[in-house]
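So the chains spell out like this:
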Amino acid sequence: MTYLFLVMMTVTGTLTTACSSSDDEPATPVQKANTLTVVAGMSDNITRALADAGTTLTATWAEGEVVEVYEGSKHLGTLRPQTYGNATTKLTGVLDAAPSASGVTLTLRYKYVSDYSGQNGTLANISSNYNYCVATTTVTQSGSQYSGSAANFVSQQAIVKFTLKKKSDNSVIKATTMNIRYTGYSSTILSLTNLTVSNSGEYYIALPPTNNDRTLTITVNDGTQYEIEAPATAFAAGLFYRRNVFFTYNAVKVFSEGDTGYTVEENSQELCKGTGSGTQLILQNGSEATLDGLTLENGSDCGIDCKGNATINLKDGTTNAITSTTAQALFVADGKTLNITGTGTLTLTGYNATTKAVSGTVIIDGHSFSGNTADGTHTDTNMNLQLVVSEGGKQWVISKK
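Because the structure is a prediction, the values reported are computed rather than measured. (Residues numbered from 1 in each chain as written. Predicted model: local features only at pLDDT ≥ 70, side-chain atom pairs only at ≥ 80, totals over all residues. Heavy atoms only, no water.)

1. Points about the overall build of the protein chain
Argument step 1. When you go through the protein chain residue by residue, the secondary structure sums to 1 helix and 32 strands.
Argument step 2. Evaluated residue by residue, the protein chain yields a buried proportion of 45% over its 401 residues.
Argument step 3. If you take every contact in the protein chain between residues at least 6 apart in sequence, the share linking residues at least 24 apart comes to 57%.
Argument step 4. Accessible surface for the protein chain amounts to roughly 18,300 Å². Of this, 46% is attributable to carbon and sulfur atoms. (Helix = DSSP H or I, 4+ residues; strand = E, 2+ residues; numbered from the N terminus. Buried < 20%, exposed > 50% of the residue type's maximum accessible area, 1.4 Å probe, protein only. Contact = heavy atoms within 4.5 Å. Areas by Shrake-Rupley, 256 points an atom, 1.4 Å probe, with all protein chains shown as cover.)

Written as structure tokens, this is what we have:
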């Protein structure tokens, strides 16, 4: 966008004479106000009345907006738009302090934001509260009047339109909370707890720029918690992104002390994590459970009860442990098959050697094992998975050396 320099406005000052009993006393001039006028533009994706134009955001100036003026760290005053509804306007204002010299470069700052956590997921909310933009202008002085070179405001955050859906049936997720963090890092980029429910599953989020191509973990909740690792990406300041996020898991189950058990229903996919005592994980036919640092101990039954043909994924880099103090750590029903995949670690600890780990069949990283091998040892260097079954001092070991 090309901007024209604004012709400097003329402000007429007035002189007043103080009352005096002496005709020889000089008049005291009233100081003229320091005024600044700048032609300012908003690039696509920038500010206030934001509208989704498909692949870009259009922006217009609105009445009542305030732009802060700084020379370095010194605050000089504020400017306001004189026309509304367009991407370009004239900003004018009376400064509290004058620029130090003609030719100095000033920073124009709109809506400084350091905390994005109050967003509700709507574009109007970003427009009103979270759209931090910055421009610079070089001033020319004429007396107490200053005119600035054309200023183009640039957004200091990325704006992302997330469309949230379930992978299983493509239905939308009407989230009320959203958490975004770097995978493998404890720091949270953003935690939103008061989203306005979207019937379309579309949420507009302003994000601080992320310059590194790190994988993101996105967690949302609509009464049920969903979690996904999003592909590595960098969200650059000043850009608008559209992301369809398909959550693989129908739910995220976080086990805690006192949980009695949890069932992964037929043909559903769920993420299981946390620590539970007296807890059992039940897998129905067609179910898929991804273990993400899951530790369970059961004192009255088997730790994992696989009632149908099911799958357990061991999330990469995780350590998982299932213990039963009275029965098998893992039980697969007769005629059923449990497929275990992934590169995490799973340790199964059962009660004694007479309670075999498996009644049916377990396929581990493509290798099939039946219950008769529960008291033996098998090592295969071609496997990615590490599985250790310990019962009554005997081990069933399937691992990568």
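Next, the rest of the story.
2. Things to note about the packing of aromatic side chains
Argument step 1. Scanning the model with the defined rule gives 6 aromatic pairs in all.
Argument step 2. Ring geometry for tyrosine 112 versus tyrosine 132: centroids 5.1 Å apart, planes at 85 degrees, classification edge-to-face. Highlighted residues: tyrosine 112 in the loop between β7 (105-110) and α1 (123-130) and tyrosine 132 in the loop between α1 and β8 (133-142), separated in sequence by 20 residues.
Argument step 3. Given the relative accessible area of 14%, tyrosine 132 is considered buried.
Argument step 4. Centre to centre, the rings of phenylalanine 255 and tyrosine 262 are 6.1 Å apart; their planes meet at 85 degrees, and the pair counts as edge-to-face.
Argument step 5. For the cation-ring pair, lysine 253 lies above phenylalanine 255, with the distance from its terminal atom to the ring centre recorded as 5.5 Å. (Phe/Tyr/Trp six-rings, centres within 6.5 Å; stacked < 30°, edge-to-face > 60°. Lys NZ or Arg CZ within 6 Å of the ring centre and 35° of its normal.)

3. Some thoughts on the pattern of salt bridges
Argument step 1. Using the criterion set out here, one finds 5 salt bridges in the structure.
Argument step 2. Glutamate 227 is the partner of lysine 273 in a salt bridge, and the nearest nitrogen-oxygen pair spans 3.2 Å. Of the two residues, lysine 273 is situated in strand β19 (residues 269-277) and glutamate 227 in strand β15 (residues 225-235); the sequence distance between them amounts to 46 residues.
Argument step 3. In this structure, aspartate 292 and lysine 315 form a salt bridge, with 3.2 Å as the shortest nitrogen-oxygen distance. On the criterion of sequence distance, the pair formed by aspartate 292 in strand β21 (residues 288-298) and lysine 315 in the loop between β23 (310-314) and β24 (319-324) is long-range, its members being 23 residues apart. In this structure, aspartate 292 and lysine 315 share a single accessibility class: buried.
Argument step 4. Residues participating in the shared-partner salt-bridge network are Glu227, Lys273, Asp292 and Lys315. (Salt bridge = Lys/Arg side-chain N within 4 Å of Asp/Glu carboxyl O.)

4. Side note on the nonpolar core
Argument step 1. Counting 40 residues, the largest nonpolar core has Phe162, Leu164, Met178, Ile205, Ile218, Val220 and Phe247 as its most contacted members.
Argument step 2. Residue assignment for this core shows that the elements contributing at least two residues are α1, β10 (158-166), β11 (177-182), β12 (188-192), β13 (202-207), β14 (210-221), β15 and β16 (240-247).
Argument step 3. Residues contacting isoleucine 205, with those up to four places away along its chain left out, are Gln119, Gly121, Ile126, Ala158, Ile159, Val160, Phe162, Met178, Leu190, Leu192 and Leu195.
Argument step 4. Ranked by size, the runner-up nonpolar core spans 24 residues in total, among them Cys272, Ala289, Leu346 and Leu348. (Core = buried A, V, L, I, M, F, W, Y, C linked by side-chain atoms within 4.5 Å.)

5. What to know about the pairing of β21
Argument step 1. Strand direction decides the pairing type here: β19 and β21, joined by 8 bridges, are parallel. Following the sheet pairing, cysteine 272 is matched in β21 by leucine 291.
Argument step 2. Relative to β23, β21 runs parallel, the two being bridged by 4 bridges. In the sheet register, glutamate 288 faces β23, and the bridge partner there is threonine 311.
Argument step 3. In this sheet, β24 lies alongside β21 in parallel orientation, the contact comprising 4 bridges. Residue pairing across strands places leucine 296 opposite isoleucine 322, the latter belonging to β24. (Pairing = 2+ DSSP bridges.)

6. Details of the sheet that holds β12
Within a sheet, adjacent strands bond to each other through the backbone by hydrogen bonds, running parallel or antiparallel.
Argument step 1. Strand order in the open sheet formed by 4 strands is β12-β11-β14-β15, with antiparallel pairing between adjacent strands. The strands lining the two open edges of the sheet, one partner per strand, are β12 and β15. Neighbour-to-neighbour, the strand axes of the sheet open up by a mean angle of 15 degrees, direction not taken into account.
Argument step 2. Where β11 lies against β12, 4 bridges are found, and the strand directions are antiparallel. For arginine 181, the partnering residue across the bridge sits in β12 and is threonine 188. (Axes fitted to C-alpha atoms, helices over the stretch in contact; angles between N-to-C directions.)

7. Points about the sheet that holds strand β18 (residues 262-264)
Argument step 1. Across the sheet, which stays open at both edges, the 4 strands sit in the order β18-β20-β22-β25 with parallel pairing between neighbours. The open sheet has two edge strands, β18 and β25 (330-332), and neither has a second partner. Averaged over all adjacent pairs, the angle separating strand axes in this sheet is 15 degrees, with direction ignored.
Argument step 2. Across 3 bridges, the pairing between β18 and strand β20 (residues 281-283) is parallel. Across the sheet, threonine 263 pairs through a bridge with isoleucine 282, a residue of β20.

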